[in-house]
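Fold and geometry: a report
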Amino acid sequence: MELGVIGLGRMGQIVANRSVEAGHDVVAFDLSAEATATAAENGAEPADSVADLCERLGEEKRIWLMVPAGDAVDATLADLEPHLDGDDVVVDGGNSHFEASTRRAEETDAAYLDCGTSGGPASAEAGFSLMVGGPAWAYEAMVPVFDAVATGPDGHDRMGESGSGHYVKMVHNGVEYALMQAYGEGFELLADGRYDLDMESVARTWNNGAVIRSWLLELCEEAFREEGSDLGDVADHVAGGSTGTWTVEEALEQEVPVPIIYQALAERFDSRNEGRFSRRLANRLRYGFGRHEVARRSDD
Ligand SMILES: NC(=O)C1=CN([C@@H]2O[C@H](COP(=O)(O)OP(=O)(O)OC[C@H]3O[C@@H](n4cnc5c(N)ncnc54)[C@H](O)[C@@H]3O)[C@@H](O)[C@H]2O)C=CC1
Ligand SMILES: O=C(CO)[C@H](O)[C@H](O)COP(=O)(O)O
């Protein structure tokens, strides 16, 4: 089938490439001419604007957005709007907030599918896991492309109505934060504990048959292999955090306790703080109530 792909960065190139490899006719556009040229080298037909992409697709357009979440999605939809009608399908494969997706589904003439995409650029060969929300007919219409972009037919499914795809992906990311934190804490104890251990060896052994084996643990093994058992010069700083924040906000609204996901998010925020105010105050308060010595910054 014909597919338009808009947004050809780390993820969009994979959507385009896997669709081309599966025999679909892909028309590709990115604000970056270089990114569009890369997709063209891999077999997609290049477009020089959203309007051009729509003209090349003709009737019953099937369009996959893989642009950054937020303003870029709204800007692209605004450009698409004059070219869309109710027979068309637009997929947002990025990490959009589920409420933004339900709003966009209401505002857009086309059928709108919110598609949570997991696997990252490392899944270029194996394919992604796709969590899709939106009208059933539109999901069915996109199945040939979902089969190509996902690991296969078991790598995608319709979660439910509009918003549900991005909702499931949001919670997936909350779980991702918690798993990363759990592995991090375990390896920290091993690194600072009683034995002189080779962390790559520990991770490899765990990955072969242990209860806690997983892809994230394989990535731990890779990290120790490439950076060393002590992680070399990798900084104590974790960026990102939007999807984890949304997960915690939603849990508060639903009154569902998610202390482990919250703690992982808080640790991430904490990694960006140099000299926590609360710890400095605790240090000073111990002097206040117990006349315990105050450690001063110059004492480091
Ligand atoms: N990188 C990852 O591991 C994953 C990313 N995602 C989500 O997928 C989406 C895309 O992520 P990446 O590919 O990593 O980002 P990226 O930054 O590598 O690529 C984004 C591309 O979109 C283009 N772009 C931006 N605004 C545009 C517009 N208005 N029209 C056309 N092109 C435009 C940029 O030029 C760039 O080539 C994001 O929502 C991200 O959160 C989802 C799962 C995993
Ligand atoms: O969705 C993802 C993985 O599942 C993406 O890698 C996303 O960019 C992670 O961002 P953050 O760490 O800020 O949540």
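Residues numbered from 1 in each chain as written. Chains lettered and ligands numbered in written order. Predicted model: local features only at pLDDT ≥ 70, side-chain atom pairs only at ≥ 80, totals over all residues. Heavy atoms only, no water.

With that settled, consider the UniProt feature "binding site: NAD(+)" (unreviewed entry) in the protein chain. As annotated by UniProt and renumbered to match this structure, "binding site: NAD(+)" (unreviewed entry) occupies Gly7, Leu8, Gly9, Arg10, Met11, Gly12, Val67, Pro68, Ala69 and Asn95. Considering the arrangement of structural elements, one finds Gly12 in helix α1 (residues 12-21). The class for Gly12 is buried, based on a relative accessible area of 1%. Residues within four places of Gly12 in sequence aside, it is in contact with Val5, Gly7 and Met66. (UniProt positions renumbered as here; feature names shortened; annotations may be inferred. Helix = DSSP H or I, 4+ residues; strand = E, 2+ residues; numbered from the N terminus. Buried < 20%, exposed > 50% of the residue type's maximum accessible area, 1.4 Å probe, protein only. Contact = heavy atoms within 4.5 Å.)

This part takes up the pattern of salt bridges. Scanning the entire structure with this criterion turns up 11 salt bridges. Between Arg56 and Asp52 there is a salt bridge; the shortest N-O distance is 3.1 Å. Here Arg56 pairs with Asp52, and both are found in helix α3 (residues 50-57), just 4 residues apart, close to one helical turn. By relative accessible area, which is 14% here, Asp52 ends up buried. Each member of the salt-bridge network shares a partner with another, and the members are Asp74, Arg103, Arg104 and Glu107. (Salt bridge = Lys/Arg side-chain N within 4 Å of Asp/Glu carboxyl O.)

Taken as a whole, the protein chain is organised into domain 1 (2-161) and domain 2 (169-270). Taking only C-alpha atoms, the centre of domain 1 and the centre of domain 2 are 30 Å apart. In total, domain 1 and domain 2 occlude about 720 Å² of area from one another, counting both sides; carbon and sulfur atoms represent 68% of this. It is Asn95, His97 and Phe98 in domain 1 that bury the most area against domain 2; as a group they hold 52% of the surface buried on that side. Here domain 1 is connected to domain 2 by 0 salt bridges. (Domains from an automatic or database assignment. Buried area = accessible area lost by both parts, 1.4 Å probe.)

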